[in-house]
Amino acid sequence: MGTTGFDEPTDRIIIWNLEHDGGPDINGQPPRRWHEAHELINSRCPDLLLRQEMTYSRHRRLHAAERALGMRGFLGTAGLGRNPTGLFVREETFEVHQHVVHQVHPWRTPPTHTVLRLRDVPDVDIIAVSWHLAFNSPRGREREADEILAFADKINQGAAFIGGGDCNEAPNPKGESEPPIDWEKVTDRLHMAHRTNLDPATGRRVACTYLDDSLTAAGLCDPARHAARTLSQPGALGATAGHAKPRQGGPCRIDRIYLDPWLVEAVVDVTVIDTTGISDHHAVEVVLSRPRMAEALRVIAERKASRPVPTSEAAL
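Here is what the cut-offs are and how they apply
Residues numbered from 1 in each chain as written. Predicted model: local features only at pLDDT ≥ 70, side-chain atom pairs only at ≥ 80, totals over all residues. Heavy atoms only, no water. Phe/Tyr/Trp six-rings, centres within 6.5 Å; stacked < 30°, edge-to-face > 60°. Helix = DSSP H or I, 4+ residues; strand = E, 2+ residues; numbered from the N terminus. Buried < 20%, exposed > 50% of the residue type's maximum accessible area, 1.4 Å probe, protein only. Core = buried A, V, L, I, M, F, W, Y, C linked by side-chain atoms within 4.5 Å. Contact = heavy atoms within 4.5 Å. Pairing = 2+ DSSP bridges. Axes fitted to C-alpha atoms, helices over the stretch in contact; angles between N-to-C directions.

> In this structure, what is going on with the packing of aromatic side chains? I would like to understand it.
Here a ring pair, both rings aromatic, is described through the centre-centre distance and the interplanar angle of the planes. Under the criterion given, the structure shown has two aromatic pairs. For the ring pair Trp107 and Phe151, a centre distance of 6.1 Å and an interplane angle of 15° mean the geometry is stacked. Here Phe151 lies in helix H3 (residues 138–152) and Trp107 lies in the loop between strand E5 (94–100) and strand E6 (112–118), a separation of 44 residues in the sequence. Classification of Trp107 by relative accessible area gives buried; the value is 5%.

> Sorry if this is basic, but what is going on with the nonpolar core here?
Nonpolar side chains tend toward joint burial in soluble globular proteins. Ranked by size, the top nonpolar core spans 56 residues in total, and within it Leu48, Ile126, Trp131, Phe161, Leu211, Leu259 and Leu297 carry the most contacts. The residues touching Leu48, leaving out its near neighbours within four places in the chain, are Arg12, Ile13, Ile14, Met71, Leu87, Phe88, Val89, Phe94, Leu116, Ala128 and Ile162. One finds Trp16, Leu18, Ala64 and Ala65 within the second-largest nonpolar core, a separate group that totals 17 residues.

> Got a minute to help me understand the sheet that holds strand E13 (residues 283–289) in this structure?
Sheet strands associate in pairs through backbone hydrogen bonding, adopting either a parallel or an antiparallel arrangement. Strand order in the open sheet made by the six strands is E3-E4-E2-E1-E13-E12, with mixed pairing throughout. Edge positions in the open sheet fall to strand E3 (72–75) and strand E12 (267–273), since each of these has one partner strand only. Here the average twist between neighbouring strands, direction ignored, is 15°. Relative to E13, E12 runs antiparallel, the two being bridged by six bridges. Its bridge partner lying in E13, Asp269 is registered against Val287. Sheet contacts for helix H2 (residues 60–69): strand E2 (48–52), E3 and strand E4 (86–89); angle to E3, the most-contacted strand, approximately 150°. Against the sheet, helix H6 (residues 223–230) makes contact with E12 and E13, and its axis sits at roughly 110° relative to E12, the strand it touches most.

Take a look at the structure:
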């Protein structure tokens, strides 16, 4: 929990795809980029960190990250891509109730999935999920998105939801500040096949937005949109990847966090953290008011499972 820059206690969530975990060990030690990455994260003092591409973080490096961050770490199943996801929890803020291990099917890279409880409100589960969706298959991402909806279904049982990571596809372009990719100009044809569907009516390639469309249709909210629309923070919608890949269409906001419609109301700040020189993806930080987060969890605890999910502007 921190207070820097705010007049109330806050909690911070960071998602970051650290490219190939900073690289392999050098003389038995993590490389310079790994150390720089953890110095950067540590300077932000997150309460929850959702990581992707923890390529070399089995055993020794995972524990080194725990020591560097002062957080408890969890690692997902490696999967076909051999770049597992991970999740780190600050135990002064959250109590860990469960770590759920997922096998490969139906995932290319299984998520890291924990059940947490905010120590201020110890009777409400928070479903926390770090994901890295399939880079190579629109159909694969659709299956994975449907599984994320199964996690989110716990909202109807009185749980809160925090999830995010590398979505490997664009958000719905409505309201975005980054212009949509012009797929007619993309020269990396494999990348185009990974990220688009063919529109049979026009014969054109159309960007995949199934994850964003499905999660927001289910009532989950993108805090970056919430910050841009209600907190006057247009920078929250900045691109997170693709900056050095003009053949793939250029910058895109593929790294995103989703919250349930109660927790999103506790958001006070969203920042895209420029990590140029450390990773090919920028990190995203979401700051929540601790008192408002606690109040949101109390509301969740009191609501009945049959109560309709509220419509948030962030989900439109």
